Amino acid sequence: MKLFITDKRASSVYYNGNFYDTNKKIEMGFSDAFRMSLLHSCNAIYPKVFYDKTLFENNAYTILQDVDLTSGFGGVAYNLIKKSPGHKITLAGNVFGVSDGTIIAAKNREIQQQSGAVWHQQPKERWTKTPFERNIAIVPFETTRAPASWKFYINGFDALFVPCEQNVQLFRDSGVTIPIEVIHWGIDPALFAPITRPKRSIFTIGTMGSLSVRKGTDILIEAFLEAFPKERDVRLLCKTSNNYWQFGMRDKRIKVITLPVSHEELLKEFFYETDLFVFPTRGEGFGIPPLEVAATGIPSIVTNWSGPKDYLTDEMGWKLEYTMEPAKDFTEHIYKEDCGDWAKPSKEHLVHLLRYAYEHQDEVREKGKTAAEYIQREWLWEKRIKEYHTALSKYL
């Protein structure tokens, strides 16, 4: 097939061991041409190919998403492939820091245009030019309304998969008319197993993820300082892979881990050290960190809205109260389209829960044990992946 590389940043681009001149037509097979188009600006003339259902009957299909173990999207893509034994999944995306044989095999498979395609990413104009006849979108979102531009892209597909019940309503309210299925994420017990933690002289409250408005970091810091104005036997430990945050953290009891760390280092430096996890998020598509920490025996305080509401129980922690407010950060700065509302976690309730946990540390440890049992019983990938497989079978 013919491919025209329109990338104007260089006279040539590198792909799969070779340099290709820009602004020239080249001939490539479909698999290489499509992978090239994911990396560089290209105009491609794809041949018309009909969907071959027998490929999915043999568990063969394509997933479009990069794979890593440090981001939410990348980690989910890893598990959708890894926890689907017997499936001949082709990965159309990059692999970062993962050497697992199942993932590498998926990356090295030829992309078949007549297969079904699962697009695990935020909607974009590229979707309108999909060369696949059968397409499924996996799109989590964090507010009550998706950007208006997404409706057109999503409705061109055959189905939308979302990771929580609240997402179904938000996309219906945003004008999505195609079928919507809920497929929850899960936990890998080989990575997140119960950890024995000793009693310590300092009570450690932890949080993990981007230190951002959406994650409620501003409310957490204010609540921590209000709950513990003078106490020296308590600290706040923040783990993030993003070196930027906009909130002051000058109190010496607030520690931030920013360096990229291995999974073993993460367990040692954050999971082992944390007694109570706090996740005062304004909105989540799913929100997997509370499940990860719970699997190791850490209870959580989590906003009882959006993704977490699907899994939050009294077994794993405390539900943080909230009201609703406009999602200004998304609407005005990030997407620059109306994104509706998201939660405003109650700082007063968070202060109360922080004090309660600090004053009842034995109860916190016991709740950590029940949290681990709950996660290992209900939220392992081996159980939740069945929702994904069942949904796929309806549309591929």
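Structural data are supplied above this passage.
The sections below set out a description of the structure shown in this document. (Residues numbered from 1 in each chain as written. Predicted model: local features only at pLDDT ≥ 70, side-chain atom pairs only at ≥ 80, totals over all residues. Heavy atoms only, no water.)

What the protein chain contains, in helices and strands, is 13 helices and 19 strands. For a compact globule of 396 residues, the expected C-alpha radius of gyration is about 21 Å, and the protein chain comes in at 23 Å, within 12% of that figure. Each principal axis of the C-alpha distribution contributes one length, and for the protein chain these read about 70 × 45 × 40 Å. Within the protein chain, buried positions represent 54% of all 396 residues. Surface accessibility of the protein chain: about 17900 Å² in total, with carbon and sulfur atoms responsible for 50%. Taking the average location of the 50 positive side-chain charges in the protein chain and that of its 50 negative ones, the two points are 3 Å from each other. (Helix = DSSP H or I, 4+ residues; strand = E, 2+ residues; numbered from the N terminus. Rg over C-alpha atoms; globule rule 2.2 N^0.38 Å. Buried < 20%, exposed > 50% of the residue type's maximum accessible area, 1.4 Å probe, protein only. Areas by Shrake-Rupley, 256 points an atom, 1.4 Å probe, with all protein chains shown as cover. Lys, Arg positive; Asp, Glu negative; His and termini not counted. Charge placed at Lys NZ, Arg CZ, Asp CG, Glu CD.)

Here the focus is the pattern of salt bridges. Pairing is possible between side chains that carry opposite charge, provided their charged atoms lie close to one another. The full count for this structure, using the stated rule, is 26 salt bridges. We note a salt bridge from Glu 284 to Lys 215, for which the minimum N-O separation is 2.9 Å. Taken together, the residues span a long stretch of sequence, with Glu 284 in the loop between β15 (276–279) and α9 (289–296) and Lys 215 in the loop between β12 (203–208) and α7 (217–227) at a distance of 69 residues. In this structure, Glu 284 and Lys 215 share a single accessibility class: buried. A salt bridge links Glu 226 to Lys 347; its shortest N-O distance comes to 3.3 Å. Separated by 121 residues along the polypeptide, Glu 226 in helix α7 and Lys 347 in helix α11 (residues 347–359) bring together distant segments of the chain. (Salt bridge = Lys/Arg side-chain N within 4 Å of Asp/Glu carboxyl O.)

Spatial ordering of the open sheet is given by β4-β1-β5, a layout of 3 strands whose pairing is antiparallel. Each edge of the sheet is formed by a strand with only one pairing partner; in this case those strands are β4 (25–27) and β5 (42–44). Across this sheet, the average inter-strand angle for adjacent strands is 30°, counted without regard to direction. With 3 bridges joining them, strand β1 (residues 2–5) and β4 adopt antiparallel strand pairing. Along β4, the bridge assignment pairs Lys 2 with Glu 27. (Pairing = 2+ DSSP bridges. Axes fitted to C-alpha atoms, helices over the stretch in contact; angles between N-to-C directions.)

This part is about the pairing of strand β3 (residues 18–21). The pairing of strand β2 (residues 12–15) with β3 spans 4 bridges and is antiparallel. Across the sheet, Tyr 14 pairs through a bridge with Phe 19, a residue of β3. Two successive antiparallel strands, β2 and β3, enclose a turn made up of 2 residues, where Asn 16 displays a positive phi of approximately 50°.

So, on to the packing of α11 against helix α12 (residues 361–378). For any two helices packed against each other, one specifies the inter-axial angle together with the distance between the axes. Interhelical geometry of α11 versus α12 gives an angle of 95° and a closest axis separation of 5 Å. Here α12 runs roughly perpendicular to α11, going by the angle between their axes. Residue-level inspection shows Tyr 356, Ala 357, Tyr 358 and Glu 359 of α11 in contact with α12, the latter providing Gln 361, Glu 363 and Val 364. Classifying every residue of the contact of α11 with α12 by side-chain character gives 4 nonpolar, 1 polar and 2 charged. (Parallel < 35°, antiparallel > 145°, perpendicular 65-115°, else oblique. Contact = heavy atoms within 4.5 Å. Nonpolar A, V, L, I, M, F, W, Y, C, P; charged D, E, K, R; others polar.)

This paragraph deals with the packing of aromatic side chains. Tallied over the entire structure, the rule returns 33 aromatic pairs. Grouping aromatic residues by their ring pairs yields a cluster made of Phe 30, Phe 34, Tyr 46, Trp 119, Trp 127, Phe 132 and Phe 157. A cation over a ring is seen here: Lys 367 above Trp 318, with NZ or CZ 5.0 Å from the ring centre. Over the ring of Trp 379 we find Arg 384; its NZ or CZ atom is 3.7 Å from the centre of that ring. (Phe/Tyr/Trp six-rings, centres within 6.5 Å; stacked < 30°, edge-to-face > 60°. Lys NZ or Arg CZ within 6 Å of the ring centre and 35° of its normal.)

Moving on, we get to the side chain of Glu 325. Structurally, Glu 325 can be placed in strand β18 (residues 322–326). Within polar-contact distance, the side chain of Glu 325 engages the side chain of Arg 282 at 3.2 Å. (Polar contact = N/O pair within 3.5 Å; in protein donor to acceptor, adjacent residues only side chain to side chain.)

Attention now moves to the sheet that holds strand β16 (residues 300–303). Spatial strand order, β14-β13-β12-β15-β16-β17: 6 strands in an open sheet with parallel pairing. The sheet terminates laterally at β14 (254–257) and β17 (317–320), the two strands that pair on one side only. Here the average twist between neighbouring strands, direction ignored, is 20°. As paired elements, β12 and β15 share 2 bridges and run parallel to each other. Counterpart to Ile 205 in the pairing with β15 is Leu 276. Here α9 sits on the sheet in contact with β12, β15 and β16, set at roughly 170° to β15. The strands touched by α11 within the sheet are β12, β13 (234–239), β15, β16 and β17, with β17 carrying the most contacts at an inclination of about 165°.

Within the largest apolar cluster, 71 residues are counted, with the highest numbers of intra-cluster contacts made by Leu 160, Phe 171, Ile 205 and Leu 354. Once residues lying within four places of it in the same chain are set aside, the contact partners of Leu 354 are Ile 205, Ala 223, Phe 224, Ala 227, Phe 228, Leu 276, Val 278 and Ile 301. Core analysis: the second largest hydrophobic core is formed by 54 residues, Ile 81, Met 316, Ile 375 and Ile 385 among them. (Core = buried A, V, L, I, M, F, W, Y, C linked by side-chain atoms within 4.5 Å.)

Side chains of residues three or four places apart in an α-helix project in the same direction, reflecting 3.6 residues per turn. Among the 11 residues that make up α7, 8 are buried, leaving the element largely enclosed by the rest of the structure. For α7, the full list of buried residues reads Thr 217, Asp 218, Ile 219, Leu 220, Ile 221, Ala 223, Phe 224 and Ala 227.

Right, let's talk about the side chain of Gln 113 for a bit. With respect to the secondary-structure elements, Gln 113 resides in the loop between α4 (101–108) and β8 (117–120). The class of Gln 113 is buried, set by a relative accessible area of 6%. At a separation of 3.0 Å, a polar atom in the side chain of Gln 113 contacts the main-chain carbonyl oxygen of Pro 131. Sequence-distant contacts of Gln 113, defined by excluding residues within four places in its chain, comprise Phe 30, Tyr 46, Pro 47, Val 49, Pro 131 and Phe 132.

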